[in-house]
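In case you want the letters, here they are:
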Amino acid sequence: MEKIPVSLDSDALRSFVLGIECGSFALAAQQLCRSTSAVSAQLKKLEQQCGMALVTKRGRHLALTPGGEILLSYARRLLSLNDEAWRAVRGELLQGDVRIGMQEDFGESLMPGILGPFSRQHPSVRISARVDRNQPLLQAMAEQSLDMALLWQGDNLPAQSEVLGQTPLAWIGAQEFDISALLARNEPFPLVMFEAPCLMRSRALSVLEQAGLDWRVVFTSHSLSGVWAAVRAGLGITLRSQIGLPAGLHSLNALLPAVGNMGIALWQHNAEDAAQQMLAQLTQRAVADYIHHNGIGTVSK
């Protein structure tokens, strides 16, 4: 006879998720208005229900075990459905309009996981979504033709924007692109870039110049799809994050100068608006899930 699954405790799941997002169960306890010992007891109960350890210490920080990584994704989905049901029976389904913008890198990789669940949970909220480059999105936010935007962190972001995480940048080329031969011949690096102004373009040129390496821009595009197409064709290399990296392309970081990280930021005009607040929470979770699942960066505490 098949063993009946244990019903996971939703309060324990909420403490577990918040503890991982905060990087500390003591901080999670503060937000939940509970004692640290009570939250620790919930985690222990959850581990007993799952029959395995979910978190471990890595230096001063918390790290998920393999079982914890699996549970985290399911826990967020279970809590999201729980919260949706709670709001529905209380007659608190959201209404209104939200205009959201996303930088091109996040469009295909993150947008489905953000807008799909939100639309299903809140069918009375009308969403307008725009995928564009950083500068046009910043201008749209400044003109208040967008309510919120998910952007790359730059010097011109306002103080009220929130950095959700950091992701490493990478020199990216086609699988058959022979960077070693290029280095051996001491030829200028052929670059595939966005049109200026562009944060990635500025970072790439600055790093190469500081390293004393020659470069030449061989292909310029106003869209990310154009950049990826040119790199896949072997015209040159580009500098991006590995978020939404197309198949057939790979990192060349081992052979080229270090380029550091880039922050992912969320800018909202009205964080008190209920619909915007819910969409912002879903965006934060989607970014955290993507970073954790793909192992490409860190989530802000």
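This is a predicted model, so every value here is computed, not measured.

**As for the packing of aromatic side chains**
Overall, the coordinates contain one aromatic pair when judged by the stated rule. Where Phe106 meets Trp152, the ring centres are 4.8 Å apart and the plane angle is 55°; that geometry is what we call tilted. One end of the pair, Phe106, is in helix H5 (residues 104-121); the other, Trp152, is in strand S5 (residues 148-152), and 46 residues separate them in sequence. Classification of Phe106 as buried rests on a relative accessible area of 0%. Between Arg133 and the ring centre of Phe194, over which it is positioned, the NZ or CZ distance is 4.4 Å.

**Some words on the pattern of salt bridges**
One pass over the structure, following the stated rule, counts nine salt bridges. Salt-bridge contacts for Asp132 lead to Arg130; the nearest nitrogen and oxygen are separated by 2.9 Å. With a relative accessible area of 21%, Asp132 lands in the partly exposed category. Residues joined in a network through salt bridges with shared partners are Glu21, Arg76 and Asp289.

**Thoughts on the pairing of strand S1 (residues 55-58)**
Within a regular strand, side chains alternate between the sheet's two faces. Two strands pair when backbone bridges link them, and S1 and strand S2 (residues 61-64) are joined in this way by four bridges, in the antiparallel orientation. Within S2, the position partnered with Arg58 by the bridge is His61. Two successive antiparallel strands, S1 and S2, enclose a turn made up of two residues, where Gly59 displays a positive phi of approximately 70°.

**With respect to unusual backbone geometry**
In terms of backbone geometry, most residues other than glycine have negative phi values and most peptide bonds are trans. The omega angle of the peptide bond from Ala196 to Pro197 is 0°, so this bond is cis rather than trans. With respect to the element layout, Pro197 can be found in the loop between strand S7 (189-194) and helix H8 (199-210). For Cys33, which is not a glycine, the phi torsion comes out positive at approximately 60°. Relative accessible area serves as the criterion here: at 70%, Cys33 is assigned to the exposed category. At Gln144, a position not held by glycine, the phi torsion is positive, near 60°. Overall, the relative accessible area of 53% leaves Gln144 in the exposed class.

Rules and cut-offs
Residues numbered from 1 in each chain as written. Predicted model: local features only at pLDDT ≥ 70, side-chain atom pairs only at ≥ 80, totals over all residues. Heavy atoms only, no water. Phe/Tyr/Trp six-rings, centres within 6.5 Å; stacked < 30°, edge-to-face > 60°. Helix = DSSP H or I, 4+ residues; strand = E, 2+ residues; numbered from the N terminus. Buried < 20%, exposed > 50% of the residue type's maximum accessible area, 1.4 Å probe, protein only. Lys NZ or Arg CZ within 6 Å of the ring centre and 35° of its normal. Salt bridge = Lys/Arg side-chain N within 4 Å of Asp/Glu carboxyl O. Pairing = 2+ DSSP bridges.

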